[in-house]
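One letter stands for each residue in the lines below.
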Amino acid sequence: MSDISSKKLQLGILLSGGGSNLQAIVDAIDAGHLDAEISVVISNKPDAYGLERAKIAGISAIGLNPKDFADRNAFDQAALNELRKHQVDWVVMAGYMRLLTSTVLDAYPNKVLNLHPSLLPSFVGAHAIRDALAAGVRMTGVTVHIANEIFDEGPIIAQRAVPVLQDDNHDSLAQRIHAVEHELYPEVLQLVAEGRISVSSGRVRIEE
Ligand code: GRF
């Protein structure tokens, strides 16, 4: 009998830290909300807890130390080799605190996602939650976008607002932002899995 089932979307996750978003993606797959598979998790921090989470979930976990590579391109080439070896279709940055070069981006045109804890283009950079609090905004949020060679730039797929409450401190606001990230990223990935995301003229189109 011929196999008419198509192969599931293969995700390659890049992370640098705790990996709570990786966990949310793993949980969404387990719960049947996300029709995809994570074929590899790669970190530029070999001791990142996110790699432990991957191992616990039975996913290939690879730590690459930038010190072992001559330059950024050599590092990204090693990451790309792993992505290819694991037959990754889309690259998903989940707390990956390192700029990707064209080495990876050109290999995955419009197929690299980033998650950012603000409503872009406000509060780019590594301290988006702190900066939103310092600016005194009443509303911040979460953005999922297609990555390019500039930090926190590229066509936006989805945004969800998170109000800043009167008595918020960094921890309380971060907690509510992360809770929204954990919902939004798997939802966007399901749109990707359904083949509903495309980019034209620098803007994202989501098929109804
Ligand atoms: C998230 O807030 C994400 O928006 C930012 O880095 C954080 C990663 O958190 N880019 P975690 O490692 O997934 O817990």
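Structure shown above.
Residues numbered from 1 in each chain as written. Predicted model: local features only at pLDDT ≥ 70, side-chain atom pairs only at ≥ 80, totals over all residues. Heavy atoms only, no water.

A.B. asks: Requested: an account of the overall build of the protein, with residues and values cited.
C.D. replies: Each helix and strand in the protein was counted, giving six helices and nine strands. Expected size for 208 residues packed as a compact globule is a radius of gyration near 17 Å; at 17 Å, the protein falls within 12% of this value. Seen through its principal axes, the protein has C-alpha atoms that stretch 60 × 45 × 40 Å. Of all intrachain contacts in the protein linking residues separated by at least 6 positions in sequence, the fraction that spans at least 24 positions is 60%. Put simply, the protein has 18 plus and 26 minus side-chain charges, and the middle of one group is 2 Å from the middle of the other. (Helix = DSSP H or I, 4+ residues; strand = E, 2+ residues; numbered from the N terminus. Rg over C-alpha atoms; globule rule 2.2 N^0.38 Å. Contact = heavy atoms within 4.5 Å. Lys, Arg positive; Asp, Glu negative; His and termini not counted. Charge placed at Lys NZ, Arg CZ, Asp CG, Glu CD.)

A.B. asks: So what about the packing of helix α1 (residues 20–30) against helix α2 (residues 49–56)? Which residues, and what values?
C.D. replies: Axis separation between α1 and α2 bottoms out at 9 Å; the angle between their running directions is 20 degrees. One element, α1, and the other, α2, form an angle in the roughly parallel class. Seen along the crossing, α1 lies across α2 with a hand that is right-handed. Between α1, through Ser20, Leu22 and Gln23, and α2, the contact on the second element is made entirely by Gly50, Arg53 and Ala54. Per-class residue counts for the contact of α1 with α2 are two nonpolar, three polar and one charged. (Axes fitted to C-alpha atoms, helices over the stretch in contact; angles between N-to-C directions. Parallel < 35°, antiparallel > 145°, perpendicular 65-115°, else oblique. Left-handed = near helix turned anticlockwise from the far one by under 90°. Nonpolar A, V, L, I, M, F, W, Y, C, P; charged D, E, K, R; others polar.)

A.B. asks: Please give an account of the environment of Lys7 that cites residues and values.
C.D. replies: As for its position among the elements, Lys7 is in the segment before β1 (9–15). Relative accessible area serves as the criterion here: at 56%, Lys7 is assigned to the exposed category. When the C-alpha atoms of Lys7 and Ser118 are compared, they prove to be 34 Å apart, with 111 residues separating the residues in sequence. (Buried < 20%, exposed > 50% of the residue type's maximum accessible area, 1.4 Å probe, protein only.)

A.B. asks: Break down empty space enclosed by the protein for me, citing the residues and quoting the values.
C.D. replies: Applying the stated criterion across every chain, the model contains one cavity of 30 Å³ or more. Considering only enclosed or pocket space, the largest cavity measures out at about 80 Å³ in volume. Every residue along the wall of the largest cavity is listed here: Met93, Tyr96, Arg98, Leu99, Leu100, Asn114, Ala147, Asn148, Ile150, Phe151, Asp152 and Glu153. Of the residues in the lining of the largest cavity, the class split is seven nonpolar, two polar and three charged. (1 Å grid on protein atoms, 1.4 Å probe; cavity = no way out; pocket = protein on both sides within 12 Å on 5 of 7 lines; lining within 4 Å. Points joined across faces, edges and corners; volume = space filled by probe spheres on them.)

A.B. asks: Explain the packing of aromatic side chains to me, using residue names and the numbers behind them.
C.D. replies: Summed over all chains, the structure comprises one aromatic pair. A ring pair is formed by Phe69 and Phe75, whose centres lie 5.5 Å apart and whose planes are at 85 degrees; its orientation type is edge-to-face. Judged by relative accessible area, which is 24%, Phe69 ranks as partly exposed. Note on Phe75: relative accessible area 1%, which makes it buried. Taking the ring centre of Phe75 as reference, the NZ or CZ of Arg98 above it sits at 4.2 Å. (Phe/Tyr/Trp six-rings, centres within 6.5 Å; stacked < 30°, edge-to-face > 60°. Lys NZ or Arg CZ within 6 Å of the ring centre and 35° of its normal.)

A.B. asks: Lay out α2 with the relevant residues and their values.
C.D. replies: Taken as a whole, α2 has its buried residues at Gly50, Leu51 and Ala54. Along the axis of α2, the buried positions cluster into a sector of 100 degrees, meaning they face one direction only. A positive backbone phi angle near 75 degrees is found at Gly58, which sits one or two residues after α2. (Arc of directions from axis to C-beta.)

A.B. asks: Explain the pattern of salt bridges residue by residue, including any values.
C.D. replies: Applying the stated criterion across every chain yields a total of eight salt bridges. Between Arg160 and Glu183 there is a salt bridge; the shortest N-O distance is 3.9 Å. Of this pair, Arg160 sits in strand β7 (residues 156–163) while Glu183 sits in helix α6 (residues 170–193), placing them 23 residues apart in sequence. The salt bridge partner of Arg196 is Glu194, with a shortest N-O separation of 2.6 Å. Its relative accessible area of 24% is what places Arg196 among the partly exposed residues. Owing to a relative accessible area of 41%, Glu194 belongs among the partly exposed residues under this scheme. Each member of the salt-bridge network shares a partner with another, and the members are Arg160, Glu183 and Glu187. (Salt bridge = Lys/Arg side-chain N within 4 Å of Asp/Glu carboxyl O.)

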